[in-house]
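Structural characterization, general
Spelled out, the chains give:
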Amino acid sequence: MSARTVWGIGLTTIAGNGTVLDAWYPQVGTGSVMEAELGELEAHAGADERRNVRIETVQLQIDLDAAPASTADAYLRLHALSHLLVRPNELSLDGIFAHLPNVAWTNAGPMHPDDAARLQPQMRRHSIQVQGLDKFPRLTDYVQPAGVRIADAARVRLGAHLSPGTTVMHEGFVNFNAGTLGASMVEGRISQGVVVGEGSDIGGGASIMGTLSGGGTVRVSIGARTLLGANSGLGIALGDDCILEAGVYITAGSKVVLADGPNTADGGKRIVKAAELSGRDGLLFWRNSVTGAIEAKQRDGVGVTLNEALHA
């Protein structure tokens, strides 16, 4: 098979000590690289003494199945995800953290953290403020996804994959290499590696475990029209048309009573680990308010229906 390639043309920021801080690709695409169109970009190249950086043009083509090889390469992969050229978990991000330096993100652009500390007096004169110290920048500083609402830009990282019709409310969070495959409501946390299907609702305070949690490799996914209730938590995959009751946290090892399953030999209900139910469609999970046990049963019909006015 021929390599799956993505190309990008843009600008890269380099600190005074030579550290490549970021790369911004306003022009991206798949397949063979287009003719370079650097006219307007070249006008933005040069030194910025306020931040002790220089800005240079960059042109790059990468193989999505190969591991990242540089900071510019890593940023092009994040752009490919956020431009919806590739879905989460469908490209190699092996070793990406080694190519992403910790950066002082300011309202004037990225800086080396050492320079941000050293140049504080100068920065104050120019009203430059440090908004974060992290390896990942805000999505909206690099990509404005079409048809998407983001209430608090600081809570969505570059590399998030947000399909048109998605709404991320103020307390919602979407990590890199994660996101939505259709119109969805996000009021909770979508961790790295997690994908959410069309028409699903991640309730306020809900948390979905990512592949980085505890160094695991299991990828959690959520199907279409599925609801995670407020303050719930999920560590297994859910299929289509599922509901997880508010406040219930399920991990792979959680014991779940099958409320509508056949009784055991002693007349009790069968109990399974939640991992055995991973990925099934049409399940309802709740906590029995008398016994405290997590219970599940098959439910009829479709799952949640989003308010179309909020996702138009």
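What this report covers is the structure whose coordinates are included nearby. Residue numbers run consecutively from 1 along every chain, following the written order of its sequence. Only residues with pLDDT of at least 70 are given local features in this predicted model, and only at 80 or more are side-chain atom pairs given and counted; all residues enter the totals for whole chains, interfaces and linings. Computation of side-chain values: all heavy atoms of the structure, hydrogens and water removed.

1. Let's talk about the overall build of the protein
We count it as follows: Here a strand is any run of E in DSSP of at least two residues, a helix any run of H or I of at least four, and the numbering for each starts at the N terminus. Under the scheme applied here, a residue whose accessible area is under 20% of the maximum for its type counts as buried, over 50% as exposed, and between as partly exposed, the area being computed with a 1.4 Å probe on protein chains only. Here, residues are in contact when the closest pair of their heavy atoms is within 4.5 Å. Computed by Shrake-Rupley with a 1.4 Å probe, the accessible areas treat only the displayed protein chains as cover when residues are assessed. Counting rule for charge: Lys and Arg are taken as positive, Asp and Glu as negative, and neither His nor the chain ends is counted. To locate a charge, the coordinates of NZ of Lys, CZ of Arg, CG of Asp or CD of Glu are taken.
In terms of regular secondary structure, the protein is built from five helices and 26 strands. Seen through its C-alpha atoms, the protein measures out along the principal axes to roughly 75 × 50 × 40 Å. In the protein, buried positions account for 49% of the 312 residues. Sequence separation of 24 or more characterises 48% of the internal contacts of the protein that already satisfy a separation of 6 or more. Of the roughly 14400 Å² of accessible surface on the protein, a fraction of 49% belongs to carbon and sulfur atoms. Side-chain charges of the protein comprise 25 positive and 32 negative groups, with the mean position of each set lying 7 Å from the other.

2. A short note on the pairing of strand β25 (residues 283–287)
Strand residues, when the strand is regular, have side chains that alternate between the two faces of the sheet. Formally: A pair of strands counts as paired when DSSP detects no fewer than two bridges linking them.
Examined bridge by bridge, strand β21 (residues 243–244) and β25 share two bridges and lie parallel to one another. Counterpart to Leu244 in the pairing with β25 is Phe285. Across five bridges, β25 lies against strand β26 (residues 294–298) in antiparallel orientation. Bridge pairing links Leu284 to Lys297 in β26. In this structure, the hairpin formed by β25 and β26 is closed by a connection of six residues, where Gly292 is found at a positive phi of approximately 85°.

3. Focus on the sheet that holds strand β1 (residues 5–15)
For clarity, the cut-off: Every axis in this analysis is a line fitted to C-alpha atoms, fitted for helices over the stretch in contact. Angles between the N-to-C directions lie between 0 and 180 degrees.
Here we have four strands laid out as an open sheet, ordered β2-β1-β4-β3, and antiparallel in their pairing. Each having just a single partner strand, β2 (20–30) and β3 (46–48) make up the two edges of the open sheet. With strand direction ignored, the average angle separating the axes of adjacent strands in the sheet is 35°. In the sheet, β1 pairs with strand β4 (residues 53–63) via 11 bridges, with the strands oriented antiparallel. Within the sheet, the bridge partner assigned to Gly8 lies in β4 and is Leu60. Along the sheet, helix α2 (residues 71–82) makes contact with β1, β2 and β4, crossing β2 at roughly 45°.

4. Details of the side chain of His161
Of note, His161 is situated in strand β9 (residues 160–161). With a relative accessible area of 5%, His161 lands in the buried category. Residues in contact with His161, not counting those within four places in the same chain, are Leu81, Leu84, Val86, Arg87, Pro88, Ala178, Gly179, Thr180 and Leu181.

5. Brief notes about the side chain of Ser163
Heads up, the condition is: Any pair of nitrogen or oxygen atoms within 3.5 Å is treated as a polar contact; in protein, a donor-acceptor pairing is required on top of that, and neighbouring residues in sequence qualify only through side-chain atoms on both sides.
Locating Ser163 in the fold gives a position in the loop between β9 and β10 (167–168). There is a polar contact of 2.8 Å between the side chain of Ser163 and the backbone oxygen of Thr180.

6. Remarks on the sheet that holds strand β5 (residues 103–106)
Reading across from one edge, β6-β5-β7 is the order of the three strands in this open sheet, with antiparallel pairing throughout. In this open sheet, the two edge strands, each paired with only one partner strand, are β6 (109–111) and β7 (130–134). Averaged over neighbouring strand pairs, the angle between their axes works out to 30° when direction is ignored. Note: β5 against β6, three bridges, orientation antiparallel.

7. Quick word on the packing of aromatic side chains
For clarity, the cut-off: Only the six-membered ring of Trp is used, alongside the rings of Phe and Tyr, when aromatic pairs are assigned; centres must lie within 6.5 Å, and planes under 30 degrees apart are stacked while those over 60 apart are edge-to-face, with the rest tilted.
Counted by the stated rule, this structure contains five aromatic pairs. Taking 5.9 Å as the distance between ring centres and 75° as the angle between the ring planes, the aromatic pair formed by Phe97 and Phe136 counts as edge-to-face. With Phe97 in the loop between α2 and β5 and Phe136 in the loop between β7 and β8 (149–150), this residue pair connects regions lying 39 residues apart in the sequence. Centroid distance Phe136 to Phe176: 4.5 Å. Interplanar angle 20°. Geometry classified as stacked. Here Phe136 is found in the loop between β7 and β8, whereas its partner Phe176 is found in the loop between β11 (173–174) and β12 (178–180), with 40 residues between them in sequence. Residue Phe176 is classed as buried on the basis of its relative accessible area, which comes to 2%. Among the aromatic residues, those joined into a ring-pair cluster are Tyr75, Trp105 and Tyr142.

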